[in-house]
Amino acid sequence: MVWSPPVVILNFKTYREATGIGAERLAYVAETVSRELGVNVAVAVQSTDVYRISSRYEVIVLAQHVDHHREGSWTGHVTALALREAGAAGSLVNHSERRLGISEIAGAVEALREQGLVSVVCADTPSVAKAVAALGPDYVAIEPPELIGTGISVSKAKPEVVTESISTIRSLGLEVPVICGAGISSPEDVARAIELGTVGVLISSAFVKAKDPQSFLTSVCEAALNSFGRRRS
């Protein structure tokens, strides 16, 4: 399952400002902007906040991680079934801050698919993007880890990582949508990402720590819409 582009995924990570009540405040902003502009905005929250957000707000809710284990005697793990029951629409998989082996990624993607949930699999290089795309996820998110949190966007600093990832995936005959993240922190970064061929972006600290999150999110969503419109014309 995929969403109509452009797609903006907001990763709350484990920031204090995006935990518990803070997660609710930011989810409300995401819901408001998504409704006003008609952009598919998703929030990737801690597992403990999935139900809290999904039960209160009309916004796409993703978990930040899911394990490949199915239900059973796996203390401390997060199953796809548990996420579905909590109201999640899907999960990030293999974020650079929560790396998995290829067999674990494959298992997590399949577990999500079994539950009708969306998989957004992260990759740090074009070769990894190609490998994980072959597993059949709903999205591949290319994120060079050295740029994460720097404010230096991949779409400007390393555009070739994005374009090569897309081309290597297409060389397999696959049409897996590609998202890019790492350092995305302005409307210009978002517009450039769409121009490079992505269907959207993954943003974290630039949103969570913004002085005015609603104004920031509105500006990046408008940039995404405008850039996608130009690409289609």
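Residues numbered from 1 in each chain as written. Predicted model: local features only at pLDDT ≥ 70, side-chain atom pairs only at ≥ 80, totals over all residues. Heavy atoms only, no water.

The next thing to look at is the pattern of salt bridges. Tallied over the full model, the rule gives 12 salt bridges. Measuring nitrogen to oxygen at the nearest pair gives 2.9 Å for the salt bridge that ties Glu85 to Arg84. We classify Glu85 as exposed; its relative accessible area is 56%. Judged by relative accessible area, Arg84 falls into the partly exposed class, the value being 38%. Glu195 is the salt-bridge partner of Arg192, the closest N and O atoms lying 3.5 Å from each other. (Salt bridge = Lys/Arg side-chain N within 4 Å of Asp/Glu carboxyl O. Buried < 20%, exposed > 50% of the residue type's maximum accessible area, 1.4 Å probe, protein only.)

Bringing the sheet that holds strand β1 (residues 7-11) into the picture now. Around the barrel, 8 strands lie side by side as β1-β2-β3-β4-β5-β6-β7-β8; this closed barrel has parallel pairing. Across the sheet, the mean angle separating the axes of adjacent strands is 25° when strand polarity is ignored. When strand β7 (residues 178-181) meets strand β8 (residues 200-203), the two strands line up parallel, connected through 3 bridges. Residue pairing for β8: Ile179 is matched across the bridge by Gly200. Against the sheet, helix α4 (residues 102-114) engages β4 (90-93) and β5 (118-123), with an angle of about 160° to β5. Docked against the sheet, helix α10 (residues 213-232) engages β1, β2 (40-45) and β8, running at close to 150° with respect to β1. (Pairing = 2+ DSSP bridges. Helix = DSSP H or I, 4+ residues; strand = E, 2+ residues; numbered from the N terminus. Axes fitted to C-alpha atoms, helices over the stretch in contact; angles between N-to-C directions. Contact = heavy atoms within 4.5 Å.)

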